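Take a look at the letters that make up each chain.
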Amino acid sequence: MSIELHRDRSAALAQKLTIRSHALMVDGSVAEGGDDTGPSPHDLYDAALGACKAVTLMWYARKKGIPVDDIHTLVERDDSGERSGVYRLATTLRIQGDLTDAQLQELLAVAQKCPVHKLMSTVTTEITTHVERLS
């Protein structure tokens, strides 16, 4: 799978992000020198964690017959220590449904094992970057 980004010339930093048939703008905030026409790369990183937890829980609940009607996910970022190597994300999952305490604990355990959580906390990600001249 590939993800493509192309500069949007109507904004200072904005990029049009295309994933399969989906498109959205990615930009820096005004404080970062952007025009805030879309979420920042950090916002997308943080949102990936929240989305993964919610999607994983819905999948698991359906598979196990756990009566989850809705999930509201909140991701809070503390990037105050990012430059020294610590980036903190706190997630809160508000789950609606006729659930027992045991089911809530089971869903918590599942949420802590979602694939993006694992990528962010236990997997070594290797990144290569190439630069090519565009004519």
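Described below are features of the structure shown in this document. No experiment lies behind these values; they were computed from the predicted model shown. (Residues numbered from 1 in each chain as written. Predicted model: local features only at pLDDT ≥ 70, side-chain atom pairs only at ≥ 80, totals over all residues. Heavy atoms only, no water.)

### Some details on unusual backbone geometry
Reasoning step 1: One non-glycine residue, R20, lies in positive phi territory at about 50°.
Reasoning step 2: Tracing the chain through its elements places R20 in the loop between strand 2 (15-19) and strand 3 (22-26).
Reasoning step 3: Classification of R20 as exposed rests on a relative accessible area of 64%.
Reasoning step 4: One non-glycine residue, D36, adopts positive backbone phi at about 55°.
Reasoning step 5: Structurally, D36 can be placed in the loop between strand 3 and helix 1 (41-64).
Reasoning step 6: What makes D36 partly exposed here is its relative accessible area of 48%. (Helix = DSSP H or I, 4+ residues; strand = E, 2+ residues; numbered from the N terminus. Buried < 20%, exposed > 50% of the residue type's maximum accessible area, 1.4 Å probe, protein only.)

### Some points on the sheet that holds strand 1 (residues 4-7)
Reasoning step 1: Taken together, the 3 strands give an open sheet; going across it, the order is 1-2-3, and neighbouring strands pair in antiparallel fashion. Looking at strand neighbours, the two that pair on one side only are strand 1 and strand 3, the edges of this open sheet. Ignoring strand direction, the axes of neighbouring strands in this sheet form an average angle of 25°. (Pairing = 2+ DSSP bridges. Axes fitted to C-alpha atoms, helices over the stretch in contact; angles between N-to-C directions.)

### Re the layout of surface pockets
Sizing a probe to match a water molecule and rolling it over the atoms shows the empty space that remains.
Reasoning step 1: Each pocket or cavity is described by its volume, and for the largest pocket that value is around 380 Å³.
Reasoning step 2: Lining the largest pocket are M1, I3, L5, L17, I19, R20, L24, V26, P41, L44 and A48.
Reasoning step 3: Elements with a contribution of two residues or more to the lining of the largest pocket: strand 2, strand 3 and helix 1.
Reasoning step 4: With 3 residues, the top contributor of residues to the lining of the largest pocket is helix 1.
Reasoning step 5: Taken together, the residues of the lining of the largest pocket break down into 10 nonpolar, no polar and 1 charged.
Reasoning step 6: Looking at the second largest pocket, the residues that line it are L44, Y45, A48, V116, L119, M120, V123 and T125. (1 Å grid on protein atoms, 1.4 Å probe; cavity = no way out; pocket = protein on both sides within 12 Å on 5 of 7 lines; lining within 4 Å. Points joined across faces, edges and corners; volume = space filled by probe spheres on them. Nonpolar A, V, L, I, M, F, W, Y, C, P; charged D, E, K, R; others polar.)

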